[in-house]
Amino acid sequence: MTGRRIVPMLLAFALVGCGSSPQIPVNDDQTLVMESSVLAAGITAQKPEYSIENITPSASSTLYNERDKPVTVNYRFYWYDAKGLEMHPLEAPRSVTVPAHSSVAIFASSHYLGARKVRLYLYL
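Only a predicted model underlies this, so the values are computations on that prediction, with no experimental measurement involved. (Residues numbered from 1 in each chain as written. Predicted model: local features only at pLDDT ≥ 70, side-chain atom pairs only at ≥ 80, totals over all residues. Heavy atoms only, no water.)

Below, the discussion takes up the sheet that holds strand E5 (residues 71-80). The strand order across the open sheet built from 4 strands is E1-E8-E5-E6, with neighbouring strands paired in mixed fashion. Lying at the two open borders of the sheet, with one neighbouring strand each, are strand E1 (32-34) and strand E6 (94-98). Here the strands of the sheet are splayed against their neighbours by 25 degrees on average, with no regard to which way each runs. The pairing of E5 with strand E8 (residues 117-123) spans 7 bridges and is classified as antiparallel. Of the residues in E8, the one forming a bridge with arginine 76 is tyrosine 121. (Pairing = 2+ DSSP bridges. Helix = DSSP H or I, 4+ residues; strand = E, 2+ residues; numbered from the N terminus. Axes fitted to C-alpha atoms, helices over the stretch in contact; angles between N-to-C directions.)

Here it is as structure tokens:
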């Protein structure tokens, strides 16, 4: 009798799972990803700000160097559509040198008009 109760429950769970729309959320708290070595080098950053200018999605952020020497930081912006799916091909990685006790603004624009969210990844 236990087997007869389990089968309908499994079918009910399967139907509930199929009813949801496919979406991978890009959490607003995870729009900035930094490797620990970036923080150890004295670099901090603002979350990327997403905007649309002339129908082109764009993003910007500011990097800060709290140390006495310049630091070269590598970065890449990742673009996501309305369903949270990463858009390909990926942008090429870029690098910027942040002078000692200073800040640098970085910008990117997406070639994908469907981009709705952005994530910034920083590494050394």
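After that view of the structure, there is still more to cover.
Let's shift gears to the nonpolar core. The biggest cluster of nonpolar side chains holds 20 residues, and the ones touching the most others in it are Leu63, Val73, Tyr75, Phe77, Trp79, Ile106 and Leu122. Elements that contribute at least two residues to this core include exactly strand E4 (56-65), E5, E6, strand E7 (102-109) and E8. When residues of this core are assigned to their parent elements, the largest contribution, 5 residues, is made by E5. (Core = buried A, V, L, I, M, F, W, Y, C linked by side-chain atoms within 4.5 Å. Buried < 20%, exposed > 50% of the residue type's maximum accessible area, 1.4 Å probe, protein only.)

On to the pairing of E4, then. Extensive coverage of E4 is indicated by the burial of 7 of its 10 residues. Judged from the 3 bridges that link them, strand E2 (residues 43-45) and E4 form a sheet pairing that is antiparallel. Each bridged residue has a counterpart across the sheet, and for threonine 44 the counterpart in E4 is tyrosine 64. Sheet analysis places strand E3 (residues 49-53) next to E4, joined by 5 bridges and oriented antiparallel. In the strand pairing of E4, serine 51 is matched with serine 58. Between E3 and E4, which pair antiparallel and follow one another directly, the connecting turn spans 2 residues, one of which, asparagine 54, has a positive phi of 55 degrees.

A separate point is unusual backbone geometry. Most peptide bonds adopt trans geometry, and most residues besides glycine take a negative phi value. The residue after histidine 88, namely proline 89, is reached through a cis peptide bond having omega 0 degrees. Although it is not a glycine, isoleucine 55 adopts a positive phi angle of roughly 65 degrees. By secondary structure assignment, the location of isoleucine 55 is in the loop between E3 and E4. Of the residues examined, isoleucine 55 reaches a relative accessible area of 62% and is grouped as exposed.

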